[in-house]
Amino acid sequence: MIFLPETRLMSYGLVVSTGAQAIVSRPRDEGSDQELALPPDLEWLEELSVEDGDGDRVVAGDDGQKRSYAETARMFKLRRNLDQLDSFHRQKEHDVLQTREELKVCRQNIHGLVEQRDALEKDVEQEKAADNSVAVFRLRTQHKRLCQKLQSEEELEGDIITELKHLELELNEVEVELGRFSSLRQEVQEDERGFQVLKAQKATTRLQQEGRVNQNLQLKMQHLRDKQAAMMKKEELEGQKKIEERGANRKIAAKYLKETIKRMHQQEAEKEEQNRQLLEKRIQAVTSLKSNIAATQESLRVQQSRAKANAQKKEQQQRQLRESLQGQGINGIKHIYQQKQLETVKRKQEKFEERQKSKKVAIVAKLLQEDQLVKSRKRHEAKPPKLSNTDKLQSLARAREHLLHYLDAGPPSAAEERATNLREFSGYSSSSSSSSDGEDPEETMHQEVDHQIPADSLAEPEFSGLWDDNYKKLLNEKTTLMQTEVKQEEPASAGGKLDVPAKKVQAKKLKHSPFISKPEVIIFKDFEVGKIYKKKIVLTNISYTTNQCKLLGVSTQLKDFISINFEPPGSLSAGMSCDTQAVFQPMINEDLEGDVQFASALGLFSVPVRCTIKKCELEVDSQLIDFGSHVVGQTVSRTITLTNKGALATLFSLDTSTCPSPESLHVQMPSQVSAHTCQETSSQNTTCGSQTSSELMGTGEIQPEQESQELPEASQHEKPVSEASAAGQEAIPQACVSTDAETKVDESPQGTGDINLGNIREGEIGPFESIKLEVVFTPTVPGEANLDFHIKFSNLSSKPIPIQVRGVGVSIPVWVVQPSIDLKICMFDRLYQDTVVVQSRASAALKVTFEVRPEMRKHMEILPKTGFIQAQSSFKAQLKFLPRRSLSKDAKTFFDSYTGVLEVPMTVQVSGQVQPVHFTVQACVTPSDLQFDRTEVDFGYCSIHTSAKSSVRLTNLSLLPQDFGFVGAPEFIEVQPNDGFGTLLPEETLEIDLIFSPNKAKVYNFQLNCKTEINRDFPLSCRAVGVRPPLELSHSLVQFGATALGDHSTAVLYLNHPHAKRNPSKPLVAPAGEDATAPEVPRLFSFSLPKDSHVGITPAAGRLLPGERCLVQVTFRPGLLEQEIKEEAERRLHRAKLLREKELELKRLAKQETKKEAPVEPSKGKKASVNPKTKMSEEPKQDSPTESPDPVDIQLEYSERYEEARACLLSSFTQRYSEFTVPCFISDGDPPEEDRQAPPTWSPFNTLYLKLQCPAVQPSLLVISNNGLNIIDFRQVVVGVEVIKRFTVQNISRESLDLSTLLLDIHGPFCLLNALRCIRPGEKHTLVLAFSPTLEKKFCETLEIRNHKMTLWVTLRGEGVVPVVTSSHPGGLLDFGYVFQKESTSQVLKLQNSSVVAVGFRVLLASLSSTRPRGGVDRVDVLLGNYTDPKLHPTVGTQNYSGLSVFSFVPGGGSIAPGESQDVTVTFQPDHPSVNYSDKLTIQLMNETEVCVVDLKGAASSHNMYLYGGDVLTVPIESLIPPLMTSPTQHAEAEVTEKPSIPVLVTLRASYSGGALTPAVRELQVGCIRSTPPSKKSAEFSWDTVASLQQQGFTVEPSKGTVEAGLKRTIRVTWSPQSGYKPYEVVQTCVPLTLKGDEKSVYKVTLMALVSNTAD
């Protein structure tokens, strides 16, 4: 682990110091008891303190001060920070120890590797000696790998050492921090001890409290146990007492049980006696019934015979009448039919009159009830005594007699009756309205109460309802209130100017006002805004004395609209009157009510004023329509009159919806009572729910016209209120007031389709108009028919009027049991039969005749046509239905040719029954045809080696399923599926495959026959031509096994070109009946593969000679389509985009919530003002969405998204099955000789077809590395360098897989480095592959990863490249010259990479190599003379005393990019004087190819002057041990004595050849080293005794001179033998050479010369 110690330590130190300073330096307000707030992580301290009570909040410490919450929090916070610092220190110690262990292990590994390397070097030397090149190559490879490992371990060692130093530095810094906080730690420890003491005290106190609580709890438990024991004892006593009582009760019960059983036995005996008597009575009744039945049968026989005789007689009369009429030229049948119709009309008229009579009775009864109601209103002052039951019966008897007398007077006509009823109704309504207008409110209330009292003829309830008491209380309260108002107004009137002398008044008390007005109520009806209305009022004094009248004014709400023109008449005697005019000018369109107030001597009185706008007053003449009983099939109509008595027009509509309006539940009006009056009455009643109804209907609008719908019948236990009111003829207007109980009645309107409304269902009714609405009753089935509908109006103030319609349908005596005979689905030309059952409920036999429509007589028949049905029995007839093809023409009205539905109405004529019996025969007629989509199938040309398939579509045109089968098919034709047999569902189309496999080359014409189960044949003509192609395939069908995606399957087949023995001039296709043989010529073939088939054929094209055979390999490589992968990538991209948008939206919502929850506090000061800025600056960064990926990237074949989509599809792939047909085109021969480039001719008849069945399954192995590609490309690799790549696969199957591979080429560059293993489902395995090319070329191999399910093919490819790297130095000697000791000089070598790949290199130094030669004696001659032999490698010379190499280089290795260069700097840095510094520098590539080998040489001196040249006098190898230290006395002596001269030997060899002597020449060099601080003084050199040298033949040039710093001077020494020189004589002399620089040096140069022959 590598931490950032400075940041981490500073953070910890900052936390501790800041926390300490903040807590210690926090001031405490004097006199303030408020403690500082605790941080969130120490809130539990406050809870702990609160639990201990107020007394434990503070505890005295050692210093006498109280410990607060803040101090405790500070202590815990410091302890937490110190613990964190200690933990950090322990972590650092652990890291240092761990790193040291790793360093130790690394060094052990290095030591082991060095030992292995040494051992390998020894083995290499041994194998070299044994000349075993294979073993040497293997050992060198191992040595190379071992060196690489050693190098990596050394690099790891360096990294670990660096990391260890870094960790030790961090540990030291942490320990320093620990030392800084030692005093703070002691303080915290003291605080903790104090806190522990405080905690112990609190624990002791808590234990004491818990002890007291436990003691109290034990006392409570003891008390509870005592209480429970007492209760248990009490329960035991009570239980014992109950047991005793139970025993006593059991005895009493046993006694009564015996008595009950005895009584039950007696009752059973009595019951048996009664049953026996009842059985005897039943036997007697059965006996009498038998005798009665016999007598009835006898009478029936007599009646039947009489009826038969009458019928015969009647028939004879009819026949005679018909004959007579025919004799007169009259149609007898028509005349008889008219007579029957007249009789029917007459019977209907009689029934109608009876119905009218019953309705008249009902109307008169209602009129009588209304008369009684009027009389009861007149008797409101004195309530008559209740009548007894006898009186009620007498009144009912009188009413019945009056009704009979009225009926006996002769029934009036319908028009007169309607006019009379209308006059009575209008008179009653006008009288009621006038009476209601003339009465005062109190009298009106009394009249309403009397109106609600039932008539004398009605029975009173046993007890009065609660609503009566409430209503009486409300009436009394209103009366009292009015009396108090009058009393309050009397003093006000007395204070006026009215002064009437008091007169004696008769004893009769007035109950009315002193004046009466005419009219009693001032009514301005149907006014219009803007017009002026005037009305005259006559006031009459009806008091018993003279009176005066004064106008006080009008009501407040009428002041702006009504003005009174009143002139005071003065005193008026009794009976006198005066006139007043009221002028009304309306300004608003609203109803107004008020009064005109007058004052008289006797008191105040007022005249009511009512102003009404134009309104709709709608009513009907009857709300109940009862059609009575009618036979099924008849049609009866009734008419109701809708009258508008108002001055406002409105729209109306008839609503037959099943949900009645609220008014229909509450308002039930009797006949001839206006709807408007009933609404007013119900609105004045306090118990009526009219307000709710008006609110509900206030927003209603007129509904559109609706068709009459069949309403569901009401349940028997629910009786509608309207039906109850209609059943009882004594209904009174009290029905308008509904109670709370009545509102809860669920009135389900009954209705049926037998009752329909007329044509007028909506329209407009004008003012004072009437509209007649028709209701039609046509019973279709026996039973009661009901219809409840409402008349709704567009005027919101007009409430809907409910109408109830009732009717009863009576069934006819003869009926068909099954009125609708359904023959289901029938086919043409097939016979179908059914039975028609006729049932009779008549008491006599009847003749029935079955009538068939003329259009259907060819297709339908009923046998017998005529028969007699006995009384109360049934009659059966046989219905035969044989539909012909001409049905659509014969019965167009009954048969729908498009749908095939036949619906024929049939009639049964019954003698003596006007209404015939109708029933319907239904059938769906369908054809039995099967239809092919084509009439002829042409297979074309088909090879005898293959099969041709053609599909036809067989359609079942029938509505019934049909079985079919192809029978009698030839052997060369195959019908599929199911061998040509099957079942076709109705209107189903089945695709039939016809497979034609010719066995001979000829023309085929045949016919297939499809036969159905009803023995119908449907032929299908077929034709084909069989041909023999010139080439043959060994297999025409290839069925591949289940192949996984990424794997491949291979099939091998042969393409043959057989010999043909026939004349080539014959045609390709022979005539019918003859075999066709192709000519024997070379053939070209070509396979045409379909697109996206993942199939490959090799070879895809070629040429075959006659008799040749070609092997064809078919490979199936299933894979995913590119379009599928791109679509999946687009879906994943869209899904990712949606998720990203959703995340951004959630973040935005979270930010908004945090902003709402965290308001800005103004007390924070600067800190609060800075935070919003930082938040605002961060928000754009967080809210800015990441850029959506470009969809264009998906189009890239190997993009990341593309591979993700591909991997997703592979993992979710299940299976896929594909079939392909590959045509093989065969040419007619070679191209023409004159133009070989011309395309050959191809015949479509010679084409071969190869069918491939290719199932693909999910792969068990999935490549998850390398972007999912099965290709590992090592690209260009330098020859001799090994590159490693990894390849990961995953098991995506549900089974464990054992992986294995085939061996790669052992001499190839590819190698699998790790072993394969078994991987479980979902696991992954990584294969390590290495590529090490040895040649400069491209390599490619296939690695097969096998398991028991699939084989994964991995392509390995790479290219070996020879590196081309050159050096600026050609190699050889690199002389650094002389330098000062402990100074350095450098030279640069430039490496240039001219290859196309990056090349790695390394720099090796012989002195640093572990394999350098020891001693170097064999390399001494390199340093002795001229450097003439470049092949010799210099030895390692003198090295520095410090142990470091005298030569160094930078860099030691690296990589050079293609076309780039790299500089290698070589530095020479000696630490002591020597002329034997040497080394060898080798620049080597990673494949161990040497770029250049450089011999390094240099010399060091302690002085600036040096002499170079001459012969070697000493051994070039020096000891690295520095010279021993001399004593001070020796050092003083050495300073006194002169320095010894340095010996130099120069050997001169003159050559003698051919009588000519060549002088010997040697050169010496004197140089001056440039010092680091440049010296201005130049160096000098000089030879001593030069003259003596010349005598011996030696010449020195120059003899003296100067040398500039950093330069060299060459001294040329020449020797020529003098005269008198003796052969083989050595001339020797010694000459001193003095060098003067920073120090004077004397070289003793010994010159030795001789002459040598050339032969030597």
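Worth saying up front: this structure is predicted, and the values here are computed from it rather than measured.

Each value, and the rule that gives it
Residues numbered from 1 in each chain as written. Predicted model: local features only at pLDDT ≥ 70, side-chain atom pairs only at ≥ 80, totals over all residues. Heavy atoms only, no water. Helix = DSSP H or I, 4+ residues; strand = E, 2+ residues; numbered from the N terminus. Axes fitted to C-alpha atoms, helices over the stretch in contact; angles between N-to-C directions. Parallel < 35°, antiparallel > 145°, perpendicular 65-115°, else oblique. Left-handed = near helix turned anticlockwise from the far one by under 90°. Contact = heavy atoms within 4.5 Å. Nonpolar A, V, L, I, M, F, W, Y, C, P; charged D, E, K, R; others polar. Buried < 20%, exposed > 50% of the residue type's maximum accessible area, 1.4 Å probe, protein only. Pairing = 2+ DSSP bridges. Core = buried A, V, L, I, M, F, W, Y, C linked by side-chain atoms within 4.5 Å.

### Quick look at unusual backbone geometry
Peptide bonds are mostly trans, and most non-glycine residues show a negative phi. In this model, K518 is joined to P519 through a cis peptide bond whose omega is 5 degrees. As for its position among the elements, P519 is in the loop between β1 (515–518) and β2 (522–527). A cis amide bond links Q976 to the next residue, P977, at an omega of 5 degrees. Positionally, P977 belongs in the loop between β33 (973–976) and β34 (981–984). Residue F768 is not a glycine yet carries a positive backbone phi of 60 degrees.

### Things to note about the packing of helix α5 (residues 182–328) against helix α6 (residues 332–378)
It is at 8 Å that the axes of α5 and α6 come closest, and there the two elements cross at 130 degrees. One element, α5, and the other, α6, form an angle in the oblique class. Like other packed secondary-structure pairs, α5 and α6 cross with a definite hand, here right-handed. On the side of α5, the interface is formed by Q318, L321, R322 and L325, while α6 contributes G332, I333, H335 and I336. Taken together, the residues of the contact of α5 with α6 sort by class into 4 nonpolar, 3 polar and 1 charged.

### Here's the deal with the environment of T1301
Mapped onto the secondary structure, T1301 falls in strand β52 (residues 1300–1301). Given a relative accessible area of 28%, T1301 falls into the partly exposed group. As a C-alpha pair, T1301 and L1312 span 11 residues in sequence and 9.6 Å in three-dimensional space. Dropping the residues within four chain positions of it, T1301 is found in contact with L1312, L1316, L1343, E1344 and I1345.

### Side note on the sheet that holds strand β10 (residues 618–620)
What the 4 strands build is an open sheet, ordered β10-β12-β16-β14; its pairing is antiparallel. Single-partner strands in this sheet number two, and they are β10 and β14 (755–757). Neighbour to neighbour, the strand axes of the sheet diverge by 25 degrees on average, direction disregarded.

### Focus: the nonpolar core
By size, the foremost hydrophobic cluster in this structure holds 36 residues, and its most contacted members are F850, M856, F881, L902 and F919. Listed by contribution, the elements that provide at least two residues to this core are β19 (814–816), β20 (820–827), β21 (832–840), β22 (846–851), β23 (860–863), β25 (874–881), β27 (901–910) and β28 (917–926). If near-sequence neighbours (up to four positions away) are discounted, M856 is found in contact with F881, L887, A891, F894, L902 and V904. Membership of the second largest hydrophobic core comes to 35 residues, among which are L1031, F1087, F1220 and L1250.

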